[in-house]
Amino acid sequence: MRELDERAYRLQQQVDADMLQQLKLAGQQQQQAVSSPTKRQKAVNAAAAAAKEAELAERLEANMNELVKLSDEKLNIATQIYDYIDRHITKLDKDCKAFDAEIAKERQRLGLPPVEPTVGGGSVDTGGGGGKRKRKDGGGEQRKLTPEEQYQQALAMADPSEPKYCHCQRISFGEMIACENPDCPYEWFHFGCVGLTEENRPKGKWYCQLCRKQLKLK
Ligand SMILES: [Zn+2]
Ligand SMILES: [Zn+2]
């Protein structure tokens, strides 16, 4: 692209120079018309000047055409780059949408409503209360990790015997909440899996959906 620009610049200069020369030539012709001694000499001079002028005009035209071609080429490349970026953005967008759809499908598969605030109170994980197994923490919180990132991180650090929790049956990661029912089959739940966030973390006792049903709780 830069190379094209330079070529275009040089051509432009050539065109300018040619135009200047043509103007000068026209001036000379006029002068000659006045000062040439003989008619014959005048004609010769005029012919020579005309030939030179024609040649110049030709070169001028060729350069102009070249300039247009170069401009077109530049435009082409710019368009191509634009298309290329556009395609990638479109693809990224599509991937994001597909990913979202996948998450939504997964949530549906797990019988989860799409991001729902939980009803009723509950006790938030403050470290293995009520005789529950202690969970490992998902690491520092310098940067807000997405739940998926937290999970991948925990998974990378976990050993194969790491206990699985929650109805999603994955290992502990990020914020977890304990079900108050001592007979709960899952005991601990990922915040995201039960529609909880740090903002709407329940105060007081919390039961999972399954236990709420079994204990006939609302
Ligand atoms: Zn879960
Ligand atoms: Zn439960």
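Structure shown above.
Fair warning: this is a prediction, and the values are worked out from it, not measured in the lab. The residue count restarts for each chain, going from 1 along the sequence in the order it is written. Key to labels: chains lettered from A, ligands numbered from 1, both in the order written. Reporting of local features is limited, given that this is a predicted model, to residues whose pLDDT is at least 70; pairs of side-chain atoms are given and counted only at 80 or more, and all residues count toward the totals for whole chains, interfaces and linings. Side-chain metrics in this entry use all non-hydrogen atoms of the structure; hydrogen atoms and water are not considered.

Participant: I'm lost on the coordination of the zinc ion (ligand 1) in this one. Help?
Facilitator: Ideal geometry at a metal centre gives angles of 109.5 degrees when four donors are arranged tetrahedrally and 90 or 180 degrees when six donors are arranged octahedrally. Those donors, Cys166 (SG), Cys168 (SG), His190 (ND1) and Cys193 (SG), are the protein atoms that reach the zinc ion (ligand 1), and they lie 2.1 to 2.3 Å from it. Considering all four donor atoms around the zinc ion (ligand 1), the spread of angles at the metal, 97 to 116°, places the coordination shape in the tetrahedral class. Summarised as a motif, the one-chain spacing of the donors to the zinc ion (ligand 1) is C-x1-C-x21-H-x2-C. With Cys168 in the loop between β1 (164-165) and β2 (170-171) and His190 in strand β4 (residues 188-190), this pair connects stretches of sequence that are 22 residues apart. Burial classes: relative accessible area under 20% of the type maximum marks a residue as buried, over 50% as exposed, and values in between as partly exposed (1.4 Å probe, protein chains only). Note on Cys168: relative accessible area 15%, which makes it buried. A relative accessible area of 2% places His190 in the buried class. Donor atoms (N, O, S) are those found within 2.8 Å of the metal centre, with the cutoff raised to 3.2 Å for Na, K and Ca; water is not part of the atom list, so apparent gaps in a site can occur. Think of it this way: with four donors and all angles in the 85 to 135 degree range, the site is tetrahedral; with four or six donors, opposite ones beyond 155 degrees and the rest between 65 and 115, it is square planar or octahedral; otherwise it is irregular. Per the convention used, a helix needs a DSSP run of H or I reaching at least four residues, while a strand needs a run of E reaching at least two, with both numbered from the N terminus.

Participant: Would you mind going over unusual backbone geometry with me for this structure?
Facilitator: Positive phi, close to 70°, is recorded for Cys166, a residue that is not glycine. Along the chain, Cys166 falls in the loop between β1 and β2. Owing to a relative accessible area of 0%, Cys166 belongs among the buried residues under this scheme. With a phi close to 55°, Gln169 is a non-glycine residue in the positive phi region. Residue position: Gln169 is located in the loop between β1 and β2. The class for Gln169 is partly exposed, based on a relative accessible area of 41%.

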